[in-house]
Amino acid sequence: MKLLVTRPIPEPAEARVRAEPGVEATVLEEDAALDRAVLLHAASGADAILALLTERMNAELFDRSPNLRMVANMAVGFDNVDIDAAAARGIWVTNTPGVLDGATADLAMALLLAAARRLPEAERFLRAGRYRRWGPLLLCGQEVHGRTLGILGLGRIGEAVARRARLGFSMEILYWDDRGRPDLEQELGARRTDLDTLLGAADFVSIHLPLTESTAGLIDADRLAQMKSTAVLVNTARGPLVDEAALAAALRSGGIWAAGLDVFEREPEVHPDLPGLDNAVLLPHIASASIPTRLAMADLAVDNILALHRGEAPPTPVVRGTR
Ligand code: DGY
């Protein structure tokens, strides 16, 4: 099996593919996969690709890679992969569900706290030598414990956030999801509502939905206007779920209090108005970036590839291939 790994991955996972008899692995240098021509050329002879969310895996690439049997995405999200085009060609697509729920939920809570309590702004203030004395009005923010958290998408990661918020911070949980979660309603007192009710009632809104045609642009100017002026929006899912220009306008005008963003509409670009806003906390898509979690993600992608190579069932398929 000729395996293309589109960017360097944690060393123990790479060592596993290198140790597998019959697998010949090529690992592209850090920036190479981002050059489309280099990627297409490297993919053209591959039987399997270990891909990242930064690489478009589409019909163009599949048609130039006649031997391709699997795209193993090292991410739980797979909006970078054209699922229909893969299915039509019998190509397997796999992702890495489950292993990054805790790390992503930890970071969503970190963003929620940082935005509510103005942590980056306070740190910038101190580092600039502006901290002269303690003051009752100095850098006051929003209360977190006991407030209401609205979760958009109560899947695995949304659930992990709900647990942290309820059990650690005594927050009330509202959720909006196609699927009801009676288990979490029972256990955490979570309440399922429609989107309008959630946006109007929540002090914090955290997004945990996949990017699809129906969720793109979900949080637009109208939806932002439904939120409380004291509310905080957190997005660790995918940038295009939020209209960034509308968000920047809402943050600037005081339409909402603050936002904590790990993802952006056109990554790695960030809307030019956001970095100048003290009430925007901005991170470079690091929600799953703990050392053990990134290794677990790479290991699961490798598990899928080695299963295909050995004629076994890949553990986490999104599309079951026929090749
Ligand atoms: C994913 O897995 O989809 C994240 O965005 C990266 O961890």
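Residues numbered from 1 in each chain as written. Predicted model: local features only at pLDDT ≥ 70, side-chain atom pairs only at ≥ 80, totals over all residues. Heavy atoms only, no water.

Caption draft 1: Region of interest: the nonpolar core. Core analysis: the biggest nonpolar cluster contains 30 residues, and Leu152, Ile219, Leu224, Leu233 and Leu247 have the highest contact counts within it. When contributions to this core are tallied by element, the ones reaching two or more residues are helix H9 (195–201), strand S9 (204–207), helix H11 (244–253) and strand S11 (258–261). Counting residues per element, this core draws most heavily on H11, at 5 residues. Those residues within four positions of Leu152 in sequence are excluded, and the remaining contacts are Trp176, Leu195, Leu198, Val205, Ser206, Ile207, His208, Leu209, Leu218 and Ile219. In this structure, Leu107, Leu111, Leu188 and Ala190 belong to the second largest nonpolar core, which totals 29 residues. (Core = buried A, V, L, I, M, F, W, Y, C linked by side-chain atoms within 4.5 Å. Buried < 20%, exposed > 50% of the residue type's maximum accessible area, 1.4 Å probe, protein only. Helix = DSSP H or I, 4+ residues; strand = E, 2+ residues; numbered from the N terminus. Contact = heavy atoms within 4.5 Å.)

Caption draft 2: View of helix H1 (residues 11–19). All buried positions along H1 are accounted for by Ala13, Glu14 and Val17. One face of H1 carries all of its buried residues, which in axial projection span an arc of 100 degrees. Among the exposed residues of H1, those pointing more than 90 degrees away from its buried face are Glu11 and Ala19. On its buried side, H1 packs onto strand S1 (2–5), strand S2 (24–27) and helix H12 (291–309). (Arc of directions from axis to C-beta.)

Caption draft 3: Spotlight on the site of the ligand. Lining the immediate environment of the ligand, one finds Leu53, Ala75, Val76, Gly77, Leu100, Arg238, His285, Ser288 and Met297. Take Val76: an N or O atom from its main chain is 2.7 Å from an oxygen atom of the ligand. Here an oxygen atom of the ligand sits 2.7 Å away from a polar atom, N or O, in the side chain of His285. For the ligand, whose accessible area on its own is 230 Å², the fraction buried by protein is 90%. (Near = heavy atom within 4 Å. Polar contact = N/O pair within 3.5 Å; in protein donor to acceptor, adjacent residues only side chain to side chain. Areas by Shrake-Rupley, 256 points an atom, 1.4 Å probe, with all protein chains shown as cover.)

Caption draft 4: View of the sheet that holds strand S5 (residues 92–94). Strand order in the open sheet formed by 6 strands is S2-S1-S3-S4-S5-S13, with mixed pairing between adjacent strands. Unpaired on one side and paired on the other, S2 and strand S13 (317–319) mark the two borders of the sheet. Neighbouring strand axes in the sheet, compared pairwise and without regard to direction, differ in orientation by 20 degrees on average. Relative to S5, strand S4 (residues 70–73) runs parallel, the two being bridged by 3 bridges. By the bridge assignment for S5, Val71 is matched with Val93. (Pairing = 2+ DSSP bridges. Axes fitted to C-alpha atoms, helices over the stretch in contact; angles between N-to-C directions.)

Caption draft 5: Representation of the domain arrangement of the protein within the structure. Under the domain assignment, the protein is made up of domain 1 (2–98 + 291–319) and domain 2 (101–282). Computed from C-alpha coordinates alone, the two centres of domain 1 and domain 2 are separated by 32 Å. Of the roughly 540 Å² buried where domain 1 meets domain 2, counting both sides, 48% is carbon and sulfur surface. Taken together, the links from domain 1 to domain 2 amount to 1 salt bridge. The residue Arg238 makes a salt bridge to Asp79 at a minimum N-O spacing of 2.9 Å. The tally of links between domain 1 and domain 2 comes to 2 residue pairs in polar contact (both at pLDDT 80 or more). Residues belonging to the side of domain 1 that touches domain 2 are distributed by class as follows: 3 nonpolar, 3 polar and 1 charged. (Domains from an automatic or database assignment. Buried area = accessible area lost by both parts, 1.4 Å probe. Salt bridge = Lys/Arg side-chain N within 4 Å of Asp/Glu carboxyl O. Nonpolar A, V, L, I, M, F, W, Y, C, P; charged D, E, K, R; others polar.)

Caption draft 6: Molecular detail of the pairing of strand S7 (residues 172–176). Looking at chain direction, strand S6 (residues 148–152) and S7 are connected through 5 bridges and run parallel. Directly across from Gly150, in S7, lies its bridge partner Leu174. Examined bridge by bridge, S7 and strand S8 (residues 191–192) share 2 bridges and lie parallel to one another. Bridged to Tyr175 within S8 is Arg192. Taking the sense of rotation as the criterion, the β-α-β connection linking S7, helix H8 (residues 182–188) and S8 turns out right-handed. (Right-handed = clockwise from strand over helix to strand, strands pointing away.)

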